[in-house]
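# Summary of structural features
Chain residues, written in single-letter form:
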Amino acid sequence: MSQNICPNCQLELEWQDGKYHCESCSTVFIKKAFCPDCEAELEKLQACGAASYFCNSCNELKSKSRVRIQFDKA
Ligand SMILES: [Zn+2]
Ligand SMILES: [Zn+2]
């Protein structure tokens, strides 16, 4: 299940060349994750095939279900 939605047109984004691309508004987005506790930008870690997020500020892993995902214009 994908939840990568364009903030402009609410349409599903396409994964392309390491970025997210919206066909409808021709905009490229970068996915960013923010810490639910301190609002710092999280580092995405790829471990055992599953992505997890690490907060350098809290110095701990954050559950994927709790992180705040934001799409910024590239
Ligand atoms: Zn769009
Ligand atoms: Zn944090």
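Just above sits the structure.
Residues numbered from 1 in each chain as written. Chains lettered and ligands numbered in written order. Predicted model: local features only at pLDDT ≥ 70, side-chain atom pairs only at ≥ 80, totals over all residues. Heavy atoms only, no water.

This next bit is on the pairing of strand β2 (residues 19-22). Bridge count for strand β1 (residues 14-16) against β2 is 3 bridges, and the pairing is antiparallel. Paired with Glu 14 across the two strands is His 21, which belongs to β2. Taking the residues that link successive antiparallel strands as the turn, the β1-β2 hairpin has 2 residues, and the phi of Asp 17 there is positive, at about 50 degrees. In this sheet, strand β3 (residues 27-34) lies alongside β2 in antiparallel orientation, the contact comprising 3 bridges. Looking across to β3, one finds that His 21 is bridged to Val 28. (Pairing = 2+ DSSP bridges. Helix = DSSP H or I, 4+ residues; strand = E, 2+ residues; numbered from the N terminus.)

Summarising the metal site, the zinc ion (ligand 2) is bound by the protein donors Cys 35 (SG), Cys 38 (SG), Cys 55 (SG) and Cys 58 (SG), whose distances to it range over 2.1 to 2.4 Å. For the zinc ion (ligand 2), the 4 donor atoms are set out with angles of 101 to 115 degrees between them, so the coordination reads as tetrahedral. In the primary structure, the donors to the zinc ion (ligand 2) are separated according to the pattern C-x2-C-x16-C-x2-C. With Cys 38 in the loop between β3 and β4 (43-47) and Cys 55 in strand β5 (residues 50-55), this residue pair connects regions lying 17 residues apart in the sequence. We classify Cys 38 as partly exposed; its relative accessible area is 30%. Assessed through its relative accessible area of 0%, Cys 55 is described here as buried. (Donors = N, O, S within 2.8 Å, 3.2 Å for Na, K, Ca; no water. Tetrahedral: all angles 85-135°; square planar, octahedral: opposite > 155°, others 65-115°. Buried < 20%, exposed > 50% of the residue type's maximum accessible area, 1.4 Å probe, protein only.)

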